[in-house]
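# Fold and contact review
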Amino acid sequence: MTDLGRLRAVAMTVAAEAAGLVAATRESAVIDVRTKSTETDVVTAGDRAAERLIRERLGDLRPGEPVFGEEEGGALAVREADGVGWVVDPIDGTVNYLYGLPWYAVSVAATYAGATVAAAVVEPVSGRVWSAARGRGATLGERPLRVSAVRRLDLALIGTGYAYSPALRSWQAGLGAELAVRARDVRRGGSAVLDLCSVAAGWLDGYVEHALSPWDWAGASLIAAEAGAVVRLPRADGTDPDGLGADATMAVAPGVADQLAAVVREVAATR
């Protein structure tokens, strides 16, 4: 097995450099805005420049290892049979970035044998650095992370999010409405990466969203898991053995994991 500490350090270094670029160039970057799947699914010059930088730096520090990124694609490292690969999101929360809402992040994740083994998430505005290595815990800066001890869903704060597809968003709104009734309250931050990190920190008690892409969860799901969260990721084979939806991502404090899953399963049956 490769050196997890080294992979974590590389992820932190590269994510921090990209975050610096994202912060320094925001005013000019948001002038050049394009769209992808829908008119509300945007990509800025900042996204593209940050991914180029990440690829260049990984090429310097980890030559020959495949990189899969949101903007330029590449070998889907998260599904590689063996060897080290990288899954990167140059800016998660691009709409927030576009508007100047300071809740977006750079995510860099190292994978091995099909699973994330080290990751770093850096917030360009605050400078906060989240990181983890498999079996070695997760930290925010120097502080070890641990999920909340909540045991009742009606006292739990749950995060969620919405896809760009109007049809899927309509269904997701139904899930959000049900969670609003069953949980303490619901939050929608606009960055899946930071929502997953928030579960790790205990800022959220749980998070669930459907139709995320690998770059959205590859790094932050490890951070949540290493902080003690129960994590469920989308099924690459399209199967749905637990009834949550093949495309469901969930990270939740153990004390309310079964309760949250029950609500998601109930609503997923109507999809």
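The coordinates are above.
In what follows, the accompanying structure is described. (Residues numbered from 1 in each chain as written. Predicted model: local features only at pLDDT ≥ 70, side-chain atom pairs only at ≥ 80, totals over all residues. Heavy atoms only, no water.)

## With respect to the packing of aromatic side chains
Under the criterion given, the structure shown has three aromatic pairs. Here the aromatic rings of Tyr 97 and Tyr 104 are separated by 5.0 Å at their centres, their planes lie at 75°, and the arrangement is edge-to-face. Relative accessible area serves as the criterion here: at 0%, Tyr 97 is assigned to the buried category. Aromatic pair Trp 130 and Trp 203: ring centres 5.3 Å apart, planes at 75°, arrangement edge-to-face. Of this pair, Trp 130 sits in strand E7 (residues 129–133) while Trp 203 sits in the loop between helix H6 (192–201) and strand E12 (206–210), and the two are 73 residues apart along the sequence. By relative accessible area, which is 36% here, Trp 203 ends up partly exposed. We note Arg 26 situated over the ring of Tyr 97; from NZ or CZ to the ring centre the distance is 6.0 Å. Stacked on the ring of Trp 171, the Lys or Arg Arg 271 has its end atom at 5.0 Å from the ring centre. (Phe/Tyr/Trp six-rings, centres within 6.5 Å; stacked < 30°, edge-to-face > 60°. Buried < 20%, exposed > 50% of the residue type's maximum accessible area, 1.4 Å probe, protein only. Helix = DSSP H or I, 4+ residues; strand = E, 2+ residues; numbered from the N terminus. Lys NZ or Arg CZ within 6 Å of the ring centre and 35° of its normal.)

## Brief notes about H6
Across the 10 residues of H6, 10 count as buried, placing the element largely inside the fold. Residues Ala 192, Val 193, Leu 194, Asp 195, Leu 196, Cys 197, Ser 198, Val 199, Ala 200 and Ala 201 constitute the buried set of H6.

## Some thoughts on the side chain of Glu 226
Position of Glu 226 relative to the elements: it lies in helix H8 (residues 220–226). Lacking a salt bridge, the buried Glu 226 has Arg 134 as its closest oppositely charged neighbour, with an N-O distance of 5.0 Å. Beyond its immediate stretch of four places on either side in the chain, Glu 226 contacts Ala 132, Ala 133, Arg 134, Gly 135, Arg 136, Gly 137, Ala 138 and Arg 146. (Lys, Arg positive; Asp, Glu negative; His and termini not counted. Salt bridge = Lys/Arg side-chain N within 4 Å of Asp/Glu carboxyl O. Contact = heavy atoms within 4.5 Å.)

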